[in-house]
Amino acid sequence: MIETAEEAKGTTASEPPASRACFLIARSSSRMIRLLPRRLCEWGGDRVADAAFLTSRRYRANSRANLRQVVGPEVSADRVRLLARQAFRTSVHNMIDLLRFQGPDAVTLDQLAGADRPDWSILDCALAQGRGVVLVTAHLGAFDGLGRVLAASGYRLTVVVGRTLTRAIFDAAVALRRALGVEVVEASPTGVRRMIASLRRGECVGFPADRDFFHNGVPVEFFGRRTSLPSGAVRLAREAGAPIVAAYLRRAGAGFDLTLEGPFVVPRTADRRADVAAGMDAIVASLTRAVAATPGQWAVFQPVWPGAGTDGRRCGSSS
């Protein structure tokens with residue numbers, strides 16, 4: 001794990017000095033956080049999140065606009081504000097967990113997934129087809145912990161990520177995720193080839209599907225409004241013949257609740273566009289159910305729908 005000197009060196013020796021510095025800071029923070037009581041970390045995380053909510057005007061407005069679309073115009077502005085505040089807290093707790101889950105003495109699977117072990121039959125049946133599994137998820141709940149749960153249960157997972165942070169911070173975050181037992185690749189031709197290789201080995205590959213970071217997705221209707229969402233998971237599943245399983249790890253009191261949905265297979269006919277649209281319809285339906293169930297755990301701070309106002313409402317809305 002990340003605690004060994006050999007792996008720490010191997011992870012950072014070839015990286016730029018700034019990336020190495022960020023990684024070392026993250027490793028030191030991980031050690032400190034694991035020494036602190038969990039409740040103290042959670043209390044401190046809430047205070048940090050509340051401060052960020054009050055000072056980060058743009059992200060606060062984006063979160064409120066996204067959540068307004070999710071809950072609808074009939075929900076009060078105070079309720080939407082509360083949900084956005086919860087989303088900030090979810091995001092900070094995810095950062096804390098990413099540090100806290102490190103090391104050989106990290107949180108066990110029972111602590112991560114709650115008292116009851118998750119039912120892996122959905123994933124096992126999908127993997128039994130021999131073509132790997134494409135996992136789709138959202139920036140919902142403890143999404144970084146999902147990789148830890150899978151790795152601790154013996155599943156091999158490769159996750160595609162897009163770099164939206166500085167290179168140094170991104171590299172440090174990737175190193176932390178790899179220390180959880182998750183292989184991380186960037187959204188690039190090389191990354192796609194590595195994911196294809198993972199599927200051919202009968203492993204899982206994972207995609208966050210709830211935000212079109214690179215503005216190259218396909219048009220969909222999400223919570224009753226047109227936007228675009230990334231289609232990489234559907235296209236890869238179609239080409240590889242791999243089933244898709246949706247997976248969400250939500251926070252539930254002092255524990256976590258794992259939900260697995262599916263599997264479903266993307267059609268492969270002569271009409272590629274129609275096949276992709278059918279696959280996207282299934283993913284959007286799953287995302288809608290997941291986000292609607294716990295909107296305060298949806299930690300997305302960039303506009304998901306175009307044309308959102310800066311006050312947390314749609315442009316032209318009087319709600």
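Residues numbered from 1 in each chain as written. Predicted model: local features only at pLDDT ≥ 70, side-chain atom pairs only at ≥ 80, totals over all residues. Heavy atoms only, no water.

Draft legend 1. How the structure looks around unusual backbone geometry. Here the amide bond leading from G262 into P263 is cis, since omega sits at 0°, within 30 degrees of zero. On the secondary structure map, P263 appears in strand β8 (residues 255-264). Backbone geometry places H215, a non-glycine residue, at a positive phi of 55°. Here H215 shows up in the loop between β4 (204-208) and β5 (218-222). At F223, a residue that is not glycine, the phi angle is positive and equals roughly 55°. In this structure, F223 sits in the loop between β5 and β6 (225-229). (Helix = DSSP H or I, 4+ residues; strand = E, 2+ residues; numbered from the N terminus.)

Draft legend 2. Up close: the packing of aromatic side chains. For the coordinates displayed, the defined rule picks out nine aromatic pairs. Consider the rings of W120 and Y155, whose centres lie 5.0 Å apart with planes at 45°: the pair is tilted. Placement of the pair is W120 in the loop between α6 (109-113) and α7 (121-127) and Y155 in the loop between α8 (143-152) and β2 (157-161), with a sequence separation of 35 residues. When its relative accessible area of 12% is taken as the criterion, W120 is described as buried. Through successive ring pairs, a cluster of aromatic residues spans F53, Y59, F88 and F301. Note that R60 overlies the ring of F53, its terminal NZ or CZ placed 5.8 Å from the centroid. The ring centre of F213 lies 5.4 Å from the NZ or CZ of R211, which sits over that ring. (Phe/Tyr/Trp six-rings, centres within 6.5 Å; stacked < 30°, edge-to-face > 60°. Buried < 20%, exposed > 50% of the residue type's maximum accessible area, 1.4 Å probe, protein only. Lys NZ or Arg CZ within 6 Å of the ring centre and 35° of its normal.)

Draft legend 3. Highlighting the pairing of β6. Residues of β6 alternate between two faces, with R225, T227 and L229 buried on one and R226 and S228 left unburied on the opposite face. Note: β5 against β6, five bridges, orientation antiparallel. Across the sheet, F222 pairs through a bridge with R225, a residue of β6. Counted along the chain from β5 to the antiparallel partner β6, the turn is two residues long, and its residue F223 has a positive phi close to 55°. (Pairing = 2+ DSSP bridges.)

Draft legend 4. Inspection of the side chain of R60 at higher detail. Tracing the sequence through the fold places R60 in helix α4 (residues 57-71). The class of R60 is buried, set by a relative accessible area of 19%. Reaching out from R60, the side chain makes a polar contact with the backbone oxygen of F53 at a distance of 2.7 Å. Once residues within four sequence positions are removed from consideration, R60 is found in contact with F53, L54, T55 and F88. (Polar contact = N/O pair within 3.5 Å; in protein donor to acceptor, adjacent residues only side chain to side chain. Contact = heavy atoms within 4.5 Å.)

Draft legend 5. Spatial organisation of the sheet that holds β8. Taken in spatial order, the six strands of this open sheet run β3-β2-β4-β1-β7-β8, and their pairing is mixed. Two strands lie at the open edges of the sheet, namely β3 (182-186) and β8, each paired on one side alone. Within this sheet the neighbouring strands show an average axis-to-axis angle of 25°, counted without direction. Both β2 and β4 contribute to a ladder of three bridges, which runs parallel. Its bridge partner being in β4, L157 is matched across the sheet by C204. Packed onto the sheet, helix α10 (residues 189-200) meets β1 (133-137), β2, β3 and β4 and runs at close to 145° relative to β3. (Axes fitted to C-alpha atoms, helices over the stretch in contact; angles between N-to-C directions.)

Draft legend 6. Spotlight on the nonpolar core. One finds L123, V134, L135, F222 and W298 to be the most contacted residues of the largest nonpolar core, which totals 82 residues. With nine residues, helix α5 (residues 77-100) is the single largest residue contributor to this core. (Core = buried A, V, L, I, M, F, W, Y, C linked by side-chain atoms within 4.5 Å.)

Draft legend 7. The arrangement of the pattern of salt bridges in detail. Applying the stated criterion across every chain, the model contains 14 salt bridges. We note a salt bridge from R201 to E203, for which the minimum N-O separation is 3.1 Å. For E203, a relative accessible area of 10% corresponds to the buried category. Between R289 and E261 there is a salt bridge whose closest N-O contact spans 2.8 Å. Here E261 lies in strand β8 and R289 lies in helix α12 (residues 272-293), a separation of 28 residues in the sequence. (Salt bridge = Lys/Arg side-chain N within 4 Å of Asp/Glu carboxyl O.)

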